[in-house]
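Per-entry structural report
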Amino acid sequence: MNSTNSRWQRFCQRASWAAILRPASLILMIIGGLVTLAGKAALDQTNTLDFCTSCHEMRENNYAEYRQTIHARNRTGVKATCADCHVPHEFVDTMIRKVLAANDVFQHFAGRIDTPEKFEEHRLELAKRVWRRMKTSDSRECRNCHDVEAMASEMQGRTAQKQHGKLAGGERTCIDCHFGIAHKEPAGGAEPADVLAGDR
């Protein structure tokens, strides 16, 4: 151990740049920390309701519908916002979702869903995209708030008990029954179960 330390000391004494290396390392660590904090702050900002509703497509369509649902207004005052349902909580999955969300920005500037009429025209396509993601992740975002193990099944109706039994057994996932809970259902009677069936 001592020989290693003395070798390093000799190396530092001989190398004229070693004196510069220590302050430079400290400066780089500080810059790295500041970049990380700024990145985290920016990421958190993109998860706020204000950010999500900053474009009129979301404000006038999705948000307008959501404001009338139980996720926005209920007897307990517990509120789920856009990011709670649409953004994973795990870091890697969050970053993947944010990259894929760049398509939403592109569609905004392309004017693809910039009127209520255009939004309705693409509602089924948009819903299927969300349903597919929720089906393949076993409704991960729902489960961040709703825990099957914590449910008091004796306080539920018989149908809910039966369906939640299938949920616990892996036969179903939340979105199979609870679609249309925060946004209007698309016309035509399509359901999440149809999405993966159509992929086969």
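Residues numbered from 1 in each chain as written. Predicted model: local features only at pLDDT ≥ 70, side-chain atom pairs only at ≥ 80, totals over all residues. Heavy atoms only, no water.

1. Some details on the overall build of the chain
- Tallying secondary structure elements over the chain gives 12 helices and 0 strands in all.
- Each helix and strand of the chain, ordered N terminal to C terminal, gives the series α-α-α-α-α-α-α-α-α-α-α-α.
- By the burial criterion, 24% of the 200 residues in the chain qualify as buried.
- For the chain, long-range pairs separated by at least 24 residues make up 61% of all intrachain contacts whose partners lie at least 6 apart in sequence.
- Counting every atom, the chain has about 13,900 Å² of accessible surface; 59% of that belongs to carbon and sulfur. (Helix = DSSP H or I, 4+ residues; strand = E, 2+ residues; numbered from the N terminus. Buried < 20%, exposed > 50% of the residue type's maximum accessible area, 1.4 Å probe, protein only. Contact = heavy atoms within 4.5 Å. Areas by Shrake-Rupley, 256 points an atom, 1.4 Å probe, with all protein chains shown as cover.)

2. Comments concerning the confidence of the model for the chain
- With 88% of its residues at a pLDDT of 70 or more, the chain shows a mean pLDDT of 85.
- Taken element by element, the predicted model of the chain shows its lowest mean pLDDT in helix α1 (residues 2–14) (65) and its highest in helix α5 (residues 82–86) (92). (pLDDT = per-residue confidence, 0-100.)

3. Observations regarding a nonpolar patch on the surface
- On the surface, a cluster of nonpolar side chains totalling about 550 Å² of accessible area is made up of Leu26, Met29, Ile30, Leu34 and Leu37.
- Position of Ile30 relative to the elements: it lies in helix α2 (residues 18–45).
- With a relative accessible area of 47%, Ile30 lands in the partly exposed category. (Patch = residues over 30% accessible without salt bridge, like charges linked within 9 Å, V, L, I, M, F, W, Y side chains within 5 Å. Salt bridge = Lys/Arg side-chain N within 4 Å of Asp/Glu carboxyl O.)

4. Observations concerning unusual backbone geometry
- Even without a glycine there, the phi angle at Asp138 is positive, about 55°.
- You can see Asp138 is positioned in the loop between α8 (116–136) and α9 (140–143).
- Given the relative accessible area of 35%, Asp138 is considered partly exposed.

5. Comments concerning the pattern of salt bridges
- One pass over the full model with this rule turns up 11 salt bridges.
- With a shortest N-O distance of 2.8 Å, Lys40 and Asp44 are connected by a salt bridge. One end of the pair, Lys40, and the other, Asp44, are both in helix α2, 4 residues apart, so they sit about a helical turn from each other.
- Of the residues examined, Lys40 reaches a relative accessible area of 48% and is grouped as partly exposed.
- Across the pair Asp176 and Lys135 runs a salt bridge whose closest N-O atoms are separated by 2.6 Å.

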